[in-house]
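# Reading the structure
So you can see what is in the structure, the chains are spelled out below.
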Amino acid sequence: MQRAINDKKEELNQEFRDYLFKTIIFTCILILFLMIISIYFSKILQEKFKKYQNERTKQQNIIAQQAKMAAMGEMIGNIAHQWRQPLSSISTSATGMKLQKELNILEDKFLIEGLEQINNSVQYLSTTIDDFRNFYKPDKNKKEFRILETINKVINLVDLQFRSNGITIIKNGQDVKINSFENELIQVLINILNNARDELIKKDKDYEKLIFIDVLKNQKNLLVQIKDNAGGIPTDIITRIFEPYFTTKNQSQGTGIGLYMSREIISKSMNGEINTKNVTFEYEGKSYEGALFEIIIPID
């Protein structure tokens with residue numbers, strides 16, 4: 001009786017061992033199969049992701065090129081405004097001297113003054129050419145520069161156009177030295193200023209149009225704050241203004257990529273941030289509302 005029990009027990013143990021062995025074999029095969037499937041689909045996903053990345057890179061390059069062309073269009077407009085006055089001055093001086101010479105009344109004093117005025121205008125044109133050429137120079141190397149000097153370059157590029165629209169730019173802050181990409185920062189500043197300009201020129205002729213550029217510094221970051229008194233950004237779109245191709249302007253007036261590229265430049269090239277909000281502030285005893293853009297750049 002005991003032997004029969006032992007035999008049955010041994011038989012059951014053998015069946016269990018056989019079942020366990022088969023289970024282990026099946027599990028190993030299943031794991032191997034799942035690993036192969038996993039590797040296969042992983043490769044497919046990698047290819048899909050790589051294709052997506054390539055498409056995204058192409059799209060980014062297209063957007064960057066469009067932003068560059070839009071910026072070039074803005075700069076051509078600025079060149080026209082910057083050159084109009086000195087060219088008019090040269091024409092007036094040359095015409096005046098020619099007329100006086102034909103009438104035999106040209107005095108040496110007037111001749112010298114006229115030539116000096118022409119020379120000053122030519123020097124101004126030459127300086128302007130250098131400013132625009134430096135703006136478009138494909139310089140992708142970091143360099144040290146002083147932020148107020150950079151802001152002065154920006155103001156020199158846009159000042160005449162802004163003043164012709166009754167817009168005053170007010171600059172404040174300390175001249176911080178940073179190591180970054182100056183030309184790209186200039187592009188960002190011009191984009192923000194142009195957006196403020198577009199809103200301010202919608203105001204009445206007698207409206208006091210102001211743009212403030214403030215430079216601040218803490219232990220880790222440089223902060224450049226640009227605010228206007230144009231009334232602020234509508235709350236229903238303020239969260240979308242950095243989206244590519246988002247614009248409230250007519251297609252002929254805006255591309256909707258200036259602010260998007262500005263955020264890309266600050267975040268990817270400078271490891272910084274750019275944010276916006278609506279603010280209420282006072283200036284010379286008057287209260288204003290407008291948009292505030294804050295650029296935050298780490299100081300190396």
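Residues numbered from 1 in each chain as written. Predicted model: local features only at pLDDT ≥ 70, side-chain atom pairs only at ≥ 80, totals over all residues. Heavy atoms only, no water.

### Brief notes about the sheet that holds strand β7 (residues 286-298)
- Strand order in this open sheet of five strands is β2-β4-β5-β7-β6, and the pairing throughout is mixed. Lying at the two open borders of the sheet, with one neighbouring strand each, are β2 (167-173) and β6 (273-283). Neighbour to neighbour, the strand axes of the sheet diverge by 20° on average, direction disregarded.
- Where strand β5 (residues 221-228) lies against β7, seven bridges are found, and the strand directions are antiparallel. (Pairing = 2+ DSSP bridges. Helix = DSSP H or I, 4+ residues; strand = E, 2+ residues; numbered from the N terminus. Axes fitted to C-alpha atoms, helices over the stretch in contact; angles between N-to-C directions.)

### Let's talk about the pattern of salt bridges
- For the structure on display, the rule yields 11 salt bridges.
- Glu 199 serves as the salt-bridge partner of Lys 202, at 3.2 Å between the closest nitrogen and oxygen.
- Using a relative accessible area of 30% as the deciding quantity, one classes Glu 199 as partly exposed.
- Residues joined in a network through salt bridges with shared partners are Lys 143, Lys 153 and Glu 182. (Salt bridge = Lys/Arg side-chain N within 4 Å of Asp/Glu carboxyl O. Buried < 20%, exposed > 50% of the residue type's maximum accessible area, 1.4 Å probe, protein only.)

### Some words on unusual backbone geometry
- Its identity as a non-glycine residue notwithstanding, Asn 104 has a phi of 60°, on the positive side.
- Within the secondary structure layout, Asn 104 lies in the loop between α1 (2-102) and α2 (108-136).
- Look at Asn 104 and you get exposed, because its relative accessible area is 69%.
- Positive phi, close to 55°, is recorded for Asn 271, a residue that is not glycine.
- Relative to the helices and strands, Asn 271 is located in the loop between α5 (258-269) and β6.

### Considerations on the side chain of Asp 228
- Mapping Asp 228 onto the fold places it in strand β5.
- Although Asp 228 is buried, it forms no salt bridge, and the closest oppositely charged side chain is Lys 203 at an N-O distance of 8.2 Å.
- A distance of 2.9 Å separates a polar atom in the side chain of Asp 228 from the backbone nitrogen of Ala 230.
- Ignoring any residue separated from it by four or fewer positions in sequence, one finds Asp 228 in contact with Ala 196, Leu 200, Leu 210, Ile 211, Phe 281, Glu 289, Gly 290 and Ala 291. (Lys, Arg positive; Asp, Glu negative; His and termini not counted. Polar contact = N/O pair within 3.5 Å; in protein donor to acceptor, adjacent residues only side chain to side chain. Contact = heavy atoms within 4.5 Å.)

### Examining the confidence of the model for the protein chain
- Residue-level pLDDT values for the protein chain average 77, and 67% of them are 70 or greater.
- Taken together, the stretch residues 250-255 has pLDDT below 50 and engages in five contacts with residues farther than four places along the chain or on a different chain. (pLDDT = per-residue confidence, 0-100.)

### Points about the pairing of β6
- Here β6 runs beside β7; their pairing, made up of 11 bridges, is antiparallel. Bridging from a neighbouring strand, Thr 280 pairs with Glu 289 of β7.
- Connecting β6 to the antiparallel partner β7 that follows it, the hairpin turn spans two residues, and Glu 284 within it adopts a positive phi of roughly 50°.

### Thoughts on helix α3 (residues 147-164)
- For α3, spanning 18 residues, the distance from its first C-alpha to its last is 26 Å, which sits close to the expected 26 Å at 1.5 Å a residue.
- Helix geometry: α3 is bent most strongly at Val 158, by close to 55°.
- Here α3 has its buried residues at Ile 147, Leu 148, Thr 150, Ile 151, Val 154, Ile 155, Leu 157, Val 158, Leu 160, Gln 161 and Phe 162.
- A positive phi of about 75° marks Gly 166, the residue just after α3. (Expected span 1.5 Å × (residues − 1). Bend = angle between axes of the 7 residues up to and from the residue.)

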